[in-house]
Amino acid sequence: MDETRKEGRYHRIISQLEGLLTKTDSPVARMATIAAVLSHKFDYFFWCGFYFVEGDKLIVGPYQGPLACQVLQGTGVCLASVTQNQSIVVPDVHQFSGHIACDSRSNSEIVVPVRSEGGKILAVLDVDSAEFASFGETDRIYLEAIAAMVYKNQ
Ligand code: SME
């Protein structure tokens, strides 16, 4: 998808979420809503969802897509995002040392931290694509903005 079209779509999604996420401040309800909207608006979002940070493990939260690993520990892109305290874009998951393949059809991935309003990482938002190199700077910027909506005003 070209960047201009992608940006327009993210803008519309963020406006829609701004309306939807006023109903409750429940993080789980907000995550479920975000996962549903993202996966229905981007047809190449093969898996889209959240993992909660619990000690040195990540525990699956609301998601859309094929069955995912319930617990991530030791390696993986999601854990790397937490330990490196930043978003990670992976154009080819087969080249990422320690990548955890919950589903072998995944070929590229982006993980962005979900932070409290104080900046602590409480979860991650993970999106997988069956295509290579689906994600870039545009996705990072807008998915970080969307991730910031989960714990907003709490
Ligand atoms: N690929 C992730 C695991 C989660 S699944 O993609 C849903 C990782 O390497 O952490």
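Residues numbered from 1 in each chain as written. Predicted model: local features only at pLDDT ≥ 70, side-chain atom pairs only at ≥ 80, totals over all residues. Heavy atoms only, no water.

Remarks on the pattern of salt bridges
Part 1 of the argument: By the definition in use, this model includes five salt bridges.
Part 2 of the argument: Among the ionic pairs, Asp103 bridges to Arg105, the shortest N-O distance being 2.8 Å.
Part 3 of the argument: You can call Arg105 partly exposed: its relative accessible area is 49%.
Part 4 of the argument: Among the charged side chains, a network of salt bridges with common partners joins Glu3, Lys6 and Asp139. (Salt bridge = Lys/Arg side-chain N within 4 Å of Asp/Glu carboxyl O. Buried < 20%, exposed > 50% of the residue type's maximum accessible area, 1.4 Å probe, protein only.)

Observations regarding the state of the cysteines
Part 1 of the argument: Tallying each qualifying case throughout the model produces one disulfide.
Part 2 of the argument: Note on Cys48: no disulfide assigned, nearest cysteine sulfur contributed by Cys78 at a separation of 12 Å.
Part 3 of the argument: Sulfur of Cys78: no disulfide; nearest cysteine sulfur belongs to Cys102 and is 7.7 Å away. (Disulfide = S-S within 2.5 Å.)

Here we look at the packing of helix α1 (residues 3-20) against helix α2 (residues 27-41)
Part 1 of the argument: Across the interface, α1 lies against α2 with an axial gap of 11 Å and an inter-helix angle of 150°. Between α1 and α2, the angle falls in the class roughly antiparallel. Here α1 and α2 pass one another in a crossing that is right-handed. Note on element contacts: α2 touches α1 through Thr33, Ile34, Val37, Leu38 and Lys41, opposite Arg9, Ile13, Gln16, Leu17 and Leu20.
Part 2 of the argument: Across the contact of α1 with α2, the residue classes break down as six nonpolar, two polar and two charged. (Axes fitted to C-alpha atoms, helices over the stretch in contact; angles between N-to-C directions. Helix = DSSP H or I, 4+ residues; strand = E, 2+ residues; numbered from the N terminus. Parallel < 35°, antiparallel > 145°, perpendicular 65-115°, else oblique. Left-handed = near helix turned anticlockwise from the far one by under 90°. Contact = heavy atoms within 4.5 Å. Nonpolar A, V, L, I, M, F, W, Y, C, P; charged D, E, K, R; others polar.)

Observations regarding the site of the ligand
Part 1 of the argument: Every residue lining the ligand is accounted for by Trp47, Tyr51, Leu72, Gly76, Val77, Cys78, His99, Ile100, Cys102, Glu109, Asp126 and Asp128.
Part 2 of the argument: At 3.0 Å, a backbone N or O of Cys78 approaches an oxygen atom of the ligand.
Part 3 of the argument: In this structure, His99 approaches the ligand through a side-chain N or O atom, which is 3.3 Å from a nitrogen atom.
Part 4 of the argument: For the ligand, the cavity whose grid points lie within 2 Å of the majority of its atoms is the largest cavity.
Part 5 of the argument: Among the elements of the structure, β1 (47-54), α3 (77-83) and β6 (121-129) are those that each provide at least two residues to the shell around the ligand.
Part 6 of the argument: Here the residues of the shell around the ligand are counted per class, giving seven nonpolar, two polar and three charged. (Near = heavy atom within 4 Å. Polar contact = N/O pair within 3.5 Å; in protein donor to acceptor, adjacent residues only side chain to side chain. 1 Å grid on protein atoms, 1.4 Å probe; cavity = no way out; pocket = protein on both sides within 12 Å on 5 of 7 lines; lining within 4 Å. Sits in = over half its atoms within 2 Å of the grid points.)

Description of the packing of aromatic side chains
Part 1 of the argument: On inspection of all chains with the given rule, the structure shows nine aromatic pairs.
Part 2 of the argument: Ring pairs connect the aromatic residues Tyr10, Phe42, Tyr44, Phe45, Phe135 and Tyr142, which therefore count as one cluster. (Phe/Tyr/Trp six-rings, centres within 6.5 Å; stacked < 30°, edge-to-face > 60°.)

Re the side chain of Asp126
Part 1 of the argument: Residue placement: Asp126 occurs in strand β6.
Part 2 of the argument: The buried charged residue Asp126 lacks any salt bridge partner; its closest oppositely charged side chain belongs to Arg105, at an N-O distance of 14 Å.
Part 3 of the argument: Apart from residues lying up to four places away in sequence, Asp126 is in contact with Trp47, Cys48, Gly49, Tyr51, Cys78, Glu109, Ile110 and Val111. (Lys, Arg positive; Asp, Glu negative; His and termini not counted.)

Notes on α1
Part 1 of the argument: Over its 18 residues, α1 extends 25 Å from the first C-alpha to the last, a length consistent with the 26 Å expected when each residue adds 1.5 Å.
Part 2 of the argument: Among all positions in α1, only Lys6, Arg9, Tyr10, Ile13, Ile14 and Leu17 are buried. Buried residues in α1, looked at end-on, bunch into an arc of 140°, giving them a common side. Exposed and facing more than 90 degrees away from the buried side of α1 are Thr4 and Arg12.
Part 3 of the argument: N-capping of α1 is provided by Asp2, with a side-chain oxygen placed 3.0 Å from the backbone N of Thr4. (Expected span 1.5 Å × (residues − 1). Arc of directions from axis to C-beta.)

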